[in-house]
Amino acid sequence: MTAPRALPAPHDTPLDLGGRTALVTVAAGGLGRACALRLAAAGAKVRAVDRDAEGLEALAAAAADLGGAVEPHVLDLTDLEAAEAAAAGTDVLVNNAGLQLVRPIEEFPPDVFHTVLTVMLEAPFRLIRGALPHMYGQGWGRVVNISSVHGLRASAYKSAYVAAKHGLEGLSKTTALEGASHGVTSNCVNPGYVRTALVEKQIADQARAHGIPEERVVAEVLLQDSAVKRLIEPEDVAQAVAYLCGPAASFVTGTSLILDGGWTAH
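Anyway, here's the lowdown on the structure attached to this text. Throughout, a residue's number is its position along its own chain's written sequence, starting from 1. Selection of residues for local features in this predicted model requires a pLDDT of at least 70, selection of side-chain atom pairs for listing and counting requires 80 or more, and totals for whole chains, interfaces and linings are taken over all residues. Only hydrogens and water are set aside when side-chain values are computed; all heavy atoms of the structure are taken into account.

## A look at the overall build of the protein
Going by this rule: The numbering of helices and of strands both runs from the N terminus, where a helix is a DSSP run of H or I of at least 4 residues and a strand a run of E of at least 2. The buried label applies to any residue whose accessible area, calculated with a 1.4 Å probe on protein chains only, is under 20% of its type's maximum; exposed applies above 50%, and partly exposed to all values in between. Contacts: residue pairs with any heavy atoms within 4.5 Å of one another.
Check the secondary structure of the protein and you find 8 helices and 7 strands. Viewed in the frame of its principal axes, the protein has a C-alpha envelope of about 70 × 40 × 40 Å. Among the 266 residues that make up the protein, the fraction classed as buried is 50%. If you take every contact in the protein between residues at least 6 apart in sequence, the share linking residues at least 24 apart comes to 72%.

Written out as structure tokens, the structure is:
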């Protein structure tokens, strides 16, 4: 009887996305920028989507300095038709868009609620819808949705953000179930508070909402339930995204990779 051919162990196989196209939304700064640079470093041609043209150009220059390729794509994700069209032909899709406003429900502006749901839930649906035909056609694809610990837990004063992230979790799982037979995986990455401009803005908003100085917000509000008392760096989250695109994660789908410093261990 012939012995089975030995294959390289997945953990011995580096992430190689050469020949693949990856799309990362809100890529001009923060977490999206870190994800775009990480995927470019793995050899992917990264289609970087953002409204910030100047930030995208800076990203492309930074990627080129590292030997990577980033293609800037200026786009407002509230243009849903354009978002779906932008995703055509992508092999890896990273849905990273996030908006935040901290207000009690009775004071939350309905138009802002609508915009948050559009950008953070409806746009990811349209991007996935645009990407899947190509992924299905080739029998391989990776959808990574940047969710949040707020996709699994709620916090007061964040009704729109929590609703959008919970919806994104469900969308991701549905994508996983439909895509499995086509070689497509879909997962969420769920960080706690990442050191980004969005979080810096939240600190000021939370200070107003809770009536405490900003210097107390990080320890007493943002990280109150976290065992690890620090913000997560964008590069840490980008490594988790890279893992989900790699060979060791081929059986990981329909789940949430939690990077919350022990928040949900309570």
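## As for the pairing of strand β5 (residues 141–146)
Which entries qualify depends on this criterion: Strand pairing is assigned whenever DSSP identifies at least 2 bridges connecting the two strands. Crossovers are described as right-handed under a simple rule: with the strands pointing away from the observer, the path leading from the first strand over the helix to the second runs clockwise.
Of all 6 residues that make up β5, 6 are buried, and the element is covered over most of its length. Where burial is concerned, the two faces of β5 agree: the one with Gly141, Val143 and Asn145 and the one with Arg142, Val144 and Ile146 are both buried. Where strand β4 (residues 92–95) meets β5, 4 bridges bridge the pair, whose relative direction is parallel. Residue Leu93 lies in a different strand from β5, and its bridge partner there is Val143. The β-α-β motif built from β4, the intervening helix α4 (residues 110–138) and the parallel element β5 has right-handed crossover chirality. For β5 and strand β6 (residues 184–191), the ladder comprises 6 bridges, and the chain directions are parallel. When the bridges of β6 are listed, Arg142 appears paired with Thr185. You can see the chain leave β5, run along helix α5 (residues 159–179) and come back into β6, and the turn it takes is right-handed.

## What to know about the pattern of salt bridges
Going by this rule: Put simply, a salt bridge is a Lys or Arg side-chain nitrogen that is within 4 Å of an Asp or Glu carboxyl oxygen.
As enumerated under the stated definition, the model contains 9 salt bridges in all. As a salt-bridge pair, Arg195 and Glu233 come within 2.9 Å of each other at their nearest N and O atoms. Of this pair, Arg195 sits in the loop between β6 and α6 (197–210) while Glu233 sits in the loop between α7 (214–222) and α8 (234–245); the two residues are 38 residues apart in sequence, bridging distant segments of the chain. Take Arg195: its relative accessible area is 44%, and that puts it in the partly exposed class. What makes Glu233 partly exposed here is its relative accessible area of 28%. Across the pair Arg216 and Glu220 runs a salt bridge, and its minimum N-O distance is 2.9 Å. Highlighted residues: Arg216 and Glu220, both in helix α7, separated by 4 residues, approximately one helical turn.

## Concerning the sheet that holds β4
Stated formally: Working convention: axes come from line fits to C-alpha atoms, limited for helices to the stretch in contact. Angles between N-to-C directions cover 0 to 180 degrees.
Strand order in the open sheet formed by 7 strands is β3-β2-β1-β4-β5-β6-β7, with parallel pairing between adjacent strands. Of all strands in the sheet, those with a lone pairing partner are β3 (69–74) and β7 (256–259), marking the two edges. Going across the sheet, the axis of each strand differs from the next one's by a mean of 15°, ignoring polarity. Pairing analysis gives 4 bridges linking β6 to β7, with the strands arranged parallel. Residue pairing across strands places Cys188 opposite Ser256, the latter belonging to β7. Packing of α5 onto the sheet brings it into contact with β5, β6 and β7, and relative to β6 it is tilted by some 155°.

## What about the packing of aromatic side chains?
Defined as follows: A pair of Phe, Tyr and Trp rings is counted when the ring centres sit within 6.5 Å of each other, with Trp represented by its six-membered ring. The angle between the planes then sorts it: under 30 degrees is stacked, over 60 is edge-to-face, the rest tilted. Only when the NZ atom of a Lys or the CZ atom of an Arg is both within 6 Å of the ring centre and within 35 degrees of the ring normal do we say a charge sits over the ring.
This model, assessed by the stated rule, comprises 2 aromatic pairs. Relative to Phe113, the ring of Phe108 has its centre 6.2 Å away and its plane inclined at 85°; by these criteria the two rings are edge-to-face. You can call Phe108 buried: its relative accessible area is 9%. Overall, Phe113 belongs to the partly exposed group, its relative accessible area being 32%. Centre to centre, the rings of Tyr193 and Trp263 are 5.8 Å apart; their planes meet at 20°, and the pair counts as stacked. With Tyr193 in the loop between β6 and α6 and Trp263 in the segment after β7, this pair connects stretches of sequence that are 70 residues apart. Positioned above the aromatic ring of Trp140 is the side chain of Arg20, whose terminal nitrogen or guanidinium carbon lies 3.9 Å from the ring centre.

## Brief notes about the side chain of Asp91
Operational definition: Only four residue types enter the charge count, namely Lys and Arg as positive and Asp and Glu as negative; His and the chain termini do not. Any N or O atom pair separated by 3.5 Å or less is treated as a polar contact, with the protein-specific requirement of one donor-capable and one acceptor-capable atom, and with residues adjacent in sequence counted only for side-chain atom pairs.
With respect to the element layout, Asp91 can be found in the loop between α3 (80–86) and β4. Within the buried set, Asp91 has no salt-bridge partner at all; the shortest N-O distance to an opposite charge, 4.1 Å, is to Arg20. Among the polar contacts listed, one links the side chain of Asp91 to the side chain of His134, at a separation of 2.8 Å. Beyond its immediate stretch of four places on either side in the chain, Asp91 contacts Gly19, Arg20, Thr21, His134, Met135, Gln138, Trp140, Gly141 and Arg142.

## Focus: the side chain of Ser172
Assignment of secondary structure puts Ser172 in helix α5. With a relative accessible area of 1%, Ser172 lands in the buried category. In this structure Ser172 touches Asn145, Ser186, Asn187 and Cys188, once residues within four positions along its chain are discounted.

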